[in-house]
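Okay, here's what each chain looks like letter by letter:
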Amino acid sequence: MTSVQNPFAALLQEGSTVDGVSHKLVEEILLFTLNKEGGSKQILCLSDVVVDTSEETLCENLVAHALFERLMMSDTLEGNGEAWEAQAITYLHGAFARCERMQGAKKTGSAKIKELILDNASTCMRQPDLFAPQSFATQWLELFEQASEHDTSTQEFLVLVACKVVQEDEPIEALGALKAIFYPLLTELQKLIAKDNLITIKKNIFWILGFFVKDKRAAVLGEILIDYTTPNPQAKGGEFMDTLLGQLLCISILPKTQTGKYEFFQQLSINQTDPALWGLLSHHQQSTFQLFKQLLVLSPEIKRKTMQWIANCLDANVSRGHLWNSMSLNLEQTMYSTASDAFMTSLCAVLTRLCAPLCVPSLKVLLVDPTYCAVVDKDRQMKGVSMLKAHDETCLLPTAEGEERLTAEKYNFVTEIFYMTHKCFELANRPCIERLFRVMRELQNTQTAYEDVLRSDPNNDLTKNLYRMLMEQMQQVLSIRNTLSEPTNDKEMLKFLEASAIWLTEVALMPRESYEQALDNRDFAPQIHRNLELLSDTPPFVAPYMQSVPESIIDNISAYLNFCRRLNGDQFIHIYYSVHDAFFKMILLFMGSSGLVKNPHLRAKLAEALEFLLPTPSIHSNRQAFVTHVFDNHPDRLKVVRSLLNVFVSIEMTGQSVQFEQKFNYRRPMYAIMEFLWTKPEHVQCFRELAIEAEENMEAIEPPIFLRFINLLINDAIFLLDESLSNLEQIKQLQQAQDNGEWNNLAQNERQQQVTNLHHLGMLARFDNILGRDTINLLKLLTTEIRSIFCHNSMVDRIAAMLNYFLLHLVGPRKERFKVKDKKEFDFDPAQTVLEISHIYINLSTDDSFCLAVSQDGRSYSDQLFGYAETILIRIGGGQLIGDMSDIAAKVKKMGDQYKEEQELLADAPEDYLDPIISSLMTDPVILPSSKVTVDRSTIARHLLSDQTDPFNREPLTMDKVKSNVALKQEIEQWIEGKRSAARCKS
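Within every chain, residues take consecutive numbers counted from 1 along the sequence as written. In keeping with the predicted nature of the model, local features appear solely for residues at pLDDT of at least 70, side-chain atom pairs appear and are counted solely at 80 or more, and the whole-chain, interface and lining totals rest on all residues. Just so you know, side-chain values use all the structure's heavy atoms and leave hydrogens and water out.

**Topic: a nonpolar patch on the surface**
The line we're drawing: Each patch is built from salt-bridge-free residues with over 30% relative accessible area, joining like charges within 9 Å and nonpolar side chains (Val, Leu, Ile, Met, Phe, Trp, Tyr) within 5 Å. Here, Shrake-Rupley sampling with a 1.4 Å probe gives the accessible areas, and only protein chains in the shown set may cover a residue. A side-chain nitrogen of Lys or Arg and a carboxyl oxygen of Asp or Glu constitute a salt bridge if their distance falls within 4 Å. Think of it this way: any DSSP run of H or I at least four residues long counts as a helix, any run of E at least two long counts as a strand, and we number them from the N terminus.
Together, I917, I918 and F952 give the surface a local cluster of nonpolar side chains, amounting to about 250 Å² of exposed area. Summarising the element assignment, I917 is placed in the loop between helix 36 (882-905) and strand 5 (925-927).

**Details of the packing of aromatic side chains**
Rules: Two aromatic rings, drawn from Phe, Tyr or Trp (for Trp, its six-membered ring), form a pair once their centres lie within 6.5 Å of each other, and the interplanar angle then sorts them: stacked below 30 degrees, edge-to-face above 60, tilted otherwise. Exposed residues in this analysis have more than 50% of their type's maximum accessible area, buried residues have under 20%, and partly exposed residues fall in between, with area computed by a 1.4 Å probe over protein chains only. Lysine NZ or arginine CZ positioned within 6 Å of the ring centre and within 35 degrees of the ring normal marks a charge as sitting over the ring.
For the structure shown, the criterion picks out 34 aromatic pairs. For the pair F144 and F211, a centre-to-centre distance of 4.5 Å together with 15 degrees between the ring planes defines the contact as stacked. In this pair, F144 is assigned in helix 7 (residues 136-146) and F211 in helix 10 (residues 204-213), connecting sequence segments 67 residues apart. There is no split in this pair, since F144 and F211 are both buried. A connected cluster of aromatic rings, assembled from ring pairs, spans F96, W140, F144, F157, F182, W207, F211 and F212. The ring of W207 has K214 lying over it, and the distance from NZ or CZ to the ring centre is 4.1 Å. A cation over a ring is seen here: R667 above F648, with NZ or CZ 3.8 Å from the ring centre.

**Description of the sheet that holds strand 6 (residues 934-936)**
Sheet strands pair via backbone hydrogen bonds, and the direction of the pair is either parallel or antiparallel. Stated formally: We treat two strands as partners when DSSP finds at least two bridges between them. What makes two residues a contact is simply this: any of their non-hydrogen atoms within 4.5 Å. Every angle, taken between N-to-C directions, lies between 0 and 180 degrees, and every axis is a line fitted to C-alpha atoms, over only the stretch in contact when it is a helix.
The antiparallel open sheet is built from 3 strands, whose spatial order is 6-5-7. The open sheet has two edge strands, strand 6 and strand 7 (963-964), and neither has a second partner. Here strand 5 pairs with strand 6 via 3 bridges, running antiparallel. Following the sheet pairing, V926 is matched in strand 6 by V935. Where helix 37 (residues 937-946) meets the sheet, it contacts strand 5, strand 6 and strand 7, and its direction lies at approximately 85 degrees from that of strand 6.

**Describing the environment of V627**
Looking at the secondary structure, you find V627 in the loop between helix 25 (600-612) and helix 26 (630-633). When the C-alpha positions of V627 and A694 are compared, they lie 34 Å apart, and in sequence the two are 67 residues distant. Contact partners of V627, with chain neighbours within four places excluded, come to Y577 and H580.

**Examining the UniProt feature "domain: U-box" (unreviewed entry) in the protein**
Basically, it comes down to this: UniProt positions are given in the numbering used here, feature names are shortened, and annotations may be inferred rather than shown by experiment.
Under the UniProt annotation, the feature "domain: U-box" (unreviewed entry) is placed at residues 908-982. Along residues 908-982 one finds 36% helix and 11% strand; the C-alpha atoms at either end are 14 Å apart.

**Thoughts on helix 4 (residues 88-101)**
Selection criterion: Here a helix's expected span is defined as the number of its residues, less one, multiplied by 1.5 Å.
End to end, helix 4 covers 20 Å across 14 residues, agreeing with the expected 20 Å (1.5 Å per residue, within 8%). With 12 of 14 residues buried, helix 4 lies mostly within the body of the structure. Those residues of helix 4 lying buried are A88, I89, T90, Y91, L92, H93, G94, A95, F96, A97, R98 and C99.

Set out below in structure tokens:
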């Protein structure tokens, strides 16, 4: 009778087969029975719903139908315990876990039940409407949250269910079905992350996300995660923050968004660090890195999508690298166009960790191909290039118009991640470093203003507003500084930049034969660490692929070292000594070679980077002493002087090509390095050798480097000290007008304009004075050991005139014009400058041509000049110099008198004997090849140091092209001798 009433009864007839399912196992695993008499209170009896049977073995189909019916009973189940679990996925997971715990014979017998569980779980995933209104997303999320580290059943259940869905459907339908379940789960997770910060984020977030990326068998789960977190292809940079991965990257010490409030460092101390906060940041970024890493290893397709996510994100945020972005522009249209500092620095931390195998000791960086940035967009996919617009990068050497750059056959993951990490550092850390320095300057200005108003009126609104601004700026400084200097990040970043420096050196020094072999293989990576010695300014062979190496790699290393220079000495670089050698060698190679780096400004930045490696703090640095031995022990250390002079002369200080403050910043570290090198005898010897080389090649086609260097030093000194004195004179006039009450009669805006003018002139005067003082000090150092080149006929008149001019202004009768209030505010120290100028006079006075040149300077020299100087020297503590200065004064006067007699004798020289430029009697006339004009050799040599053109027609000209006018020289000499003979006869 039962078989007629119940549609499942017919299945009972099949239950006697030997391969059936144990009824007892069904009860233990599925927690239901079909035996009304044999059931217990702990399990559910389905005899009324399916069929009543006491058979020990059940037909598999019967169990399948019974299980399905059990799942459909969610609305009618009444009771507590696992047997009455109404949530389908939760129930099936429990059954699966019980199945996994079976041992021995039971394990074998439970295999069919396990398969039935997975079949039904797959049905739930593919046809969730059957089980409405259940939310499988919620059920899965609860399972993930409840799983423990020792419980593998949840991960295994998820993997096998996902695989089952993929097996039973077409790939697109399967992926769609899984996304329909898991997208709501990921949305819920994203909402939770969005509410949290570094302290409140729940530890299980990464645990839950780990279920999607742990197992390669179910790579489809990783694909769901990366697809979910990928914004549309046209997404702006800020939209990447609104993705799930983006929300994780936004959690940092810094505010999540560009306009968010700073949450940490509200109790302030300017050098404050927070190790606990560092620990949280490091742990969070390490967990985010593990998530990215697992995505990258799941499958080739997920790796491609993840790399494309990173590439698209970098491209969408490329405007962060533009100059204006380091300013805090709260403009509506730019607020969301790029991602925040928090997001970008976290992404950089993740990518840097991915680069760990590229670093010492593995040095897989040697597998990075230098032609990556030569690949054009149409070839990207074919060659495995993820980065967008890589071919638009500004590279170390220019490419001729229409020239096609070399590319490799294919690019590996190591190459991709190397370039992406550098791009991310450029868009993340560098703007943050610039912003930090800007806010530090603002903080200093606010502090000064606050202290001023605090003294005058401590209780007014302006004082309170300035205090609030001071607190906000200090909080901002501490937040940025602590984010960038977090120890784990700092260590990983330093090791990555060390690897980059080694790679740069290796690609630049690749021998020609190795390059030709690479050309045959279409793979240009260095492959091995050759560690070749630096033999010359530019390597004998420069591979064409240097046209594809982006400037940003060198820029990033320079920016990092510049950042370290501003901190207090607790970075990893202070204890990681091998990096000093790598940086030192790379800097020496690229700083001094225009054959490797076309951009002189980039080479000047390397000089800034080199200053960080000085083992003692420079005068203008607030950093702690730095311990290194590269200047004493590095095998290439003797190249540093020539390399430094090369970059020094490549930046024309008085030109208009760069802004004044930028020029100031370029020169300052170079002077600091040279002053340090002057304390090392072997480096002083390098200066001497370059001076000798210059004297031997004074008329070479290319003026010797040392000659160009000292010519520029003199130009700089003249320009800087002249500008300084001019600005100080104007400052004094403004200060007097202010003290006399003349400003009181001005309108408010005019008075404010005068205040602005005074501040601006003060800033310019300060720059001029600091750099002018450094220039004069360097000239003093150089002339203690090197004299003859300064007294060469092409140079001596200029240095004598310069010294006379400044000595007259600083000690002469009109010196009061520059007597400003509070000289320290403008770094004006005339006493020190007078002492150093006096030392230069003394150093050069052994050469008669110098003393003669001093006497013949009609602009500033008079017999009283050294008398003025002696009076001042007594007053400023330079009494020990007076004897020497008196001797110089006597020698100069004597030589001047002799020369005057000579000149009076030769005063009626014919016009064609006179130099057409300076109207003096020529002693060594030469003919200029294009204009055919005759000038004195010393005059044209001096002109060509600064301008390699014919002064009469602007045609290109070098000293080797001029021809001695032998006939005219003999004629002049005979005329002079005739005059002298006549004078002797007369006397």
